[in-house]
Amino acid sequence: MRMGMLPAWLVVLVAAVAAERLAELVVSRRHARWAQVRGGVEHGRGHYPVMVAVHTALLVGILAEVAVARRAFIPVLGWSALCAVVLLQGLRWWCVWSLGPRWNTRVIVVPGLPLVRRGPYRWLRHPNYVVVAAEGVALPLVHSAWLTALLFTVANAAVLTVRLRVENAALGLSA
């Protein structure tokens, strides 16, 4: 593969993930309206643009790294990573479904509602962030974009440090 050449299937995969993220934003906006009608309060607006930028950089980084660094597709790694990505999408939407209209890409809390303790929230406080972290490694590794996986992991850890502090405080949880 020459510099600048990307496998069409990789472009389709990244575009599909981008489309899924846009679908999340549509759901998130609908849920934000639901929360606002019920007195929902948004917390931690300042970190949100950074989080969006980090997630966007993940998708762009995959394509850029594969093209510029001429990363090879390693079948055992690529197919395993792709299976993980598909599984993680199911887990992501299980989190969304479990929170129902309380799920949001922003931190919006409706006062007086109890914590959700169904679905993956029975076992983990923030399962969606586990999914995000795992996907940030798996998605780039579909086509050996290990540098993007590493950089996303570091950037995501920084964003999640802020995000979890904000979300836990908003929900009245201790760290």
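None of these values were measured; they are calculated from a predicted model. (Residues numbered from 1 in each chain as written. Predicted model: local features only at pLDDT ≥ 70, side-chain atom pairs only at ≥ 80, totals over all residues. Heavy atoms only, no water.)

Draft legend 1. Highlighting a nonpolar patch on the surface. Together, Leu87, Leu91, Trp94, Trp97, Trp123, Leu124 and Val130 make up a nonpolar patch on the protein surface, roughly 760 Å² of accessible area in all. If one sorts the elements of the nonpolar patch by residue count, helix H3 (residues 75–99) sits on top with 4 residues. Structurally, Leu87 can be placed in helix H3. On the basis of relative accessible area, Leu87 is assigned to the exposed category, the value being 55%. (Patch = residues over 30% accessible without salt bridge, like charges linked within 9 Å, V, L, I, M, F, W, Y side chains within 5 Å. Areas by Shrake-Rupley, 256 points an atom, 1.4 Å probe, with all protein chains shown as cover. Salt bridge = Lys/Arg side-chain N within 4 Å of Asp/Glu carboxyl O. Helix = DSSP H or I, 4+ residues; strand = E, 2+ residues; numbered from the N terminus. Buried < 20%, exposed > 50% of the residue type's maximum accessible area, 1.4 Å probe, protein only.)

Draft legend 2. Layout of the environment of Leu10. Assignment of secondary structure puts Leu10 in helix H1 (residues 8–37). The class of Leu10 is buried, set by a relative accessible area of 1%. Through-space distance from the C-alpha of Leu10 to that of Val142 is 8.5 Å; in sequence the pair is 132 residues apart.

Draft legend 3. The arrangement of helix H5 (residues 146–171) in detail. Over its 26 residues, H5 extends 35 Å from the first C-alpha to the last, a length consistent with the 38 Å expected when each residue adds 1.5 Å. For H5, the complete set of buried residues consists of Thr148, Ala149, Phe152, Asn156, Val159, Leu160, Arg163, Val166, Glu167, Asn168 and Ala170. Buried residues in H5 make contact with strand S1 (41–43), helix H2 (48–68), strand S2 (107–109) and helix H4 (127–141). Looking one or two places after H5, you find Gly172, whose phi comes out positive at around 75 degrees. (Expected span 1.5 Å × (residues − 1). Contact = heavy atoms within 4.5 Å.)

Draft legend 4. Expanded view of the packing of aromatic side chains. Overall, the coordinates contain 3 aromatic pairs when judged by the stated rule. Relative to Trp79, the ring of Phe73 lies with its centre 5.8 Å away and its plane at 85 degrees, an arrangement referred to as edge-to-face. Judged by relative accessible area, Phe73 falls into the partly exposed class, the value being 27%. Residue class for Trp79 comes out exposed when judged on its relative accessible area of 52%. Here the aromatic rings of Trp94 and Trp123 are separated by 6.1 Å at their centres, their planes lie at 55 degrees, and the arrangement is tilted. With a gap of 29 residues between them, Trp94 in helix H3 and Trp123 in the loop between S2 and H4 connect regions that are remote in the sequence. One aromatic cluster is present, formed by Trp9, Phe73 and Trp79 through successive ring pairs. Just above the ring of Tyr48 sits the side chain of Arg106; from NZ or CZ to the centre is 3.9 Å. (Phe/Tyr/Trp six-rings, centres within 6.5 Å; stacked < 30°, edge-to-face > 60°. Lys NZ or Arg CZ within 6 Å of the ring centre and 35° of its normal.)

Nothing here speaks to function; it is all geometry.
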